[in-house]
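# Geometric and topological summary
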Amino acid sequence: MRVQDSENIRGLLDKLASGYELSEQEWRFLIDGSYDRELLYHKADEVRRQHYGTDVYIRGLIEISSYCRNDCLYCGIRRSNARAGRYRLSEEEILSCCERGYVLGFRTFVLQGGEDAFFTTKRVAGMVGKIKERYPDCAVTLSLGEREREDYEAWYQAGADRYLLRHETASKEHYGKIHPPTLSYEHRIQCLWDLKQIGYQTGCGFMVGSPYQSTEALIADMRFLREFQPQMVGIGPFIPHHDTPFRDYAQGSLTRTLTMAALTRLLLPKTLLPATTALGTIHPEGRELGLKAGANVVMPNLSPAGVRGQYSLYDNKLCTKEESAEGLEDLKRRVAVAGYQVVVDRGDSRLETAAADRSKKTGNAGVY
Ligand code: SAH
């Protein structure tokens with residue numbers, strides 16, 4: 001790849017940030033090329049500041065179940081990992097996590113888990129209803145994998161505001177190599193469109209450096225983001241888990257992950273972009289670097305300390321004090337040192353959605 005001068009790079013970044021479609025060759029250069037990444041990160045930070053200033057939104061992540069019916073080849077809680085510790089939280093435990101989080105200043109709770117049949121349509125709807133009743137000024141985000149459209153509808157009716165479902169990869173061929181044959185790319189993408197249509201603020205996303213991922217697959221991810229226009233995008237490096245078939249693969253690179261995050265900020269200026277736990281896992285300052293490359297969300301762990309170690313998606317996942325809600329003061333300090341500020345706010349996407357509109361009507365949104 002030819003080293004280009006900074007004027008050309010700036011021109012290309014401006015083209016992306018202005019909404020123009022890039023050619024295959026231009027994408028390839030931005031992803032793989034040798035150019036000064038600081039130019040890219042700086043531009044992403046500039047665009048983020050235009051829309052969100054220096055605000056960093058915090059989401060309290062509650063990992064409600066480590067049971068999963070699926071067998072994704074990269075994931076530590078895959079069904080066939082007999083060594084994975086399994087737990088599920090009771091409704092009372094989940095509510096007490098929310099209580100702790102609320103006091104700490106969290107205004108979004110993210111309920112994430114493996115695809116666990118114990119969490120029936122009704123059970124989840126009931127839980128969402130209770131959280132919204134107790135904390136009407138908070139947003140509830142669900143991240144419970146692929147379900148029937150009726151489930152998504154019921155949970156939305158119960159008050160859920162947002163849904164996170166990473167698409168994992170927008171290349172059908174690549175999808176097939178990192179998932180068991182029982183899962184289909186088409187179904188996952190259909191779920192995302194359903195969620196969006198129902199009215200959720202919807203998040204997709206992908207891992208960087210997952211086995212068999214080509215540059216073409218990453219370009220497909222960017223094209224999918226452009227088409228789907230998600231309100232949130234989760235991007236983190238792949239990190240091997242020792243009890244999965246991908247144990248011997250290398251982890252995703254820091255620079256490549258930051259590159260994809262920054263490009264996403266330029267492509268979708270108003271999106272909510274977390275500096276992910278996985279990014280913080282591969283580098284001691286991964287999350288700060290993420291913020292400086294266009295990210296504007298962090299998701300500290302609110303799960304009860306006793307189960308944190310069991311929600312083991314990949315090796316060495318941060319689940320120590322620093323990553324937990326108790327480490328929030330420390331996190332705030334680190335965010336401030338990086339030049340940003342943690343705010344007490346629901347942190348809705350600036351992209352209009354039915355969910356944001358609904359909370360506006362009920363006076364619950366902090367932003368509008
Ligand atoms: N069952 C839910 C939640 C999955 S866990 C769902 O399907 O959405 C949340 C995310 O962790 C996944 O979407 C995946 O992108 C990420 N993840 C799983 N294993 C990983 C690994 N080994 N390295 C990095 N990220 C991983």
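On a predicted model such as this, the values are computed, not experimentally measured, just so you know.

What follows covers unusual backbone geometry. It is generally the case that most residues other than glycine have a negative phi and that most peptide bonds are trans. For Tyr 212, which is not glycine, the phi dihedral falls at a positive 70°. Examined against the element boundaries, Tyr 212 turns out to sit in the loop between strand 6 (201-208) and helix 9 (215-228). Accessibility expressed as a relative area gives 46% for Tyr 212, which makes it partly exposed. If you check the backbone angles, Asn 316 has positive phi at about 60° while not being a glycine.

Our next topic: the sheet that holds strand 1 (residues 55-58). If you walk across this open sheet you meet the three strands as 8-1-9, and the pairing is parallel. Of all strands in the sheet, those bounded by a partner on one side alone are strand 8 (297-298) and strand 9 (341-343). Examined bridge by bridge, strand 1 and strand 8 share two bridges and lie parallel to one another. Its bridge partner being in strand 8, Ile 58 is matched across the sheet by Val 298. Here helix 14 (residues 328-337) sits on the sheet and contacts strand 1, strand 8 and strand 9; the angle it forms with strand 9, its principal contact strand, is near 130°.

Read across the sheet, six strands follow the order 2-3-4-5-6-7 without closing on themselves; strand pairing throughout is parallel. Two strands lie at the open edges of the sheet, namely strand 2 (60-65) and strand 7 (232-237), each paired on one side alone. On average, each strand axis in the sheet is inclined to that of its neighbour by 20°, with strand direction left out of account. Note: strand 5 (residues 162-164) against strand 6, three bridges, orientation parallel. Bridge pairing in strand 6 links Tyr 163 to Thr 202.

This part covers the site of the ligand. Contacts to the ligand come from 17 residues, most closely from Tyr 74, Gly 113, Arg 166, Glu 168 and Ile 239. Within the contact set of the ligand, an oxygen atom lies 2.6 Å away from a side-chain nitrogen or oxygen of Glu 168. The contact in question runs from a nitrogen atom of the ligand to an N or O atom on the backbone of Ile 239, over 2.7 Å. Isolated, the ligand exposes 560 Å² of accessible area, and the fraction of that covered by the protein chains is 91%.

Structurally, Leu 279 can be placed in helix 11 (residues 277-282). Taking the C-alpha atoms as reference points, Leu 279 and Tyr 20, separated by 259 residues in sequence, lie 29 Å from one another. If sequence neighbours within four positions are ignored, Leu 279 has contacts with Pro 237, Leu 254, Thr 257, Leu 258, Gly 286 and Gly 290.

One pass over the structure, following the stated rule, counts four cavities of 30 Å³ or more. What the second largest cavity holds in volume is close to 50 Å³. Lining of the second largest cavity is provided by Arg 287, Glu 288, Leu 291, Val 298, Leu 331, Arg 334 and Val 335.

With that settled, the discussion passes to the packing of aromatic side chains. Counted under the stated rule, the structure contains 16 aromatic pairs. Here Phe 118 and Phe 119 contribute two aromatic rings whose centre-to-centre distance is 5.2 Å and whose plane-to-plane angle is 90°, an arrangement assigned as edge-to-face. Between Trp 193 and Phe 228, the ring centres sit 4.7 Å apart and the planes meet at 80°, which makes this aromatic pair edge-to-face. Here Trp 193, found in helix 8 (residues 185-198), pairs with Phe 228, found in helix 9; they are 35 residues apart in sequence, far enough to count as distant. Take Phe 228: its relative accessible area is 0%, and that puts it in the buried class. The rings of Tyr 152, Trp 155, Tyr 156, Tyr 163 and Tyr 200 are connected pair by pair, giving a single aromatic cluster.

Enumeration over the complete set of coordinates arrives at 30 salt bridges. Here Asp 14 ties to Lys 43 by a salt bridge, and the two come within 2.8 Å at their closest N and O atoms. Here the residue Asp 14 occupies a position in helix 1 (residues 6-17), and Lys 43 occupies one in helix 3 (residues 37-52), the gap between them amounting to 29 residues. The salt bridge partner of Glu 24 is Arg 223, with a shortest N-O separation of 3.1 Å. On the criterion of sequence distance, the pair formed by Glu 24 in helix 2 (residues 24-32) and Arg 223 in helix 9 is long-range, its members being 199 residues apart.

Rules used throughout
- Residues numbered from 1 in each chain as written.
- Predicted model: local features only at pLDDT ≥ 70, side-chain atom pairs only at ≥ 80, totals over all residues.
- Heavy atoms only, no water.
- Helix = DSSP H or I, 4+ residues; strand = E, 2+ residues; numbered from the N terminus.
- Buried < 20%, exposed > 50% of the residue type's maximum accessible area, 1.4 Å probe, protein only.
- Pairing = 2+ DSSP bridges.
- Contact = heavy atoms within 4.5 Å.
- Axes fitted to C-alpha atoms, helices over the stretch in contact; angles between N-to-C directions.
- Near = heavy atom within 4 Å.
- Polar contact = N/O pair within 3.5 Å; in protein donor to acceptor, adjacent residues only side chain to side chain.
- Areas by Shrake-Rupley, 256 points an atom, 1.4 Å probe, with all protein chains shown as cover.
- 1 Å grid on protein atoms, 1.4 Å probe; cavity = no way out; pocket = protein on both sides within 12 Å on 5 of 7 lines; lining within 4 Å.
- Points joined across faces, edges and corners; volume = space filled by probe spheres on them.
- Phe/Tyr/Trp six-rings, centres within 6.5 Å; stacked < 30°, edge-to-face > 60°.
- Salt bridge = Lys/Arg side-chain N within 4 Å of Asp/Glu carboxyl O.

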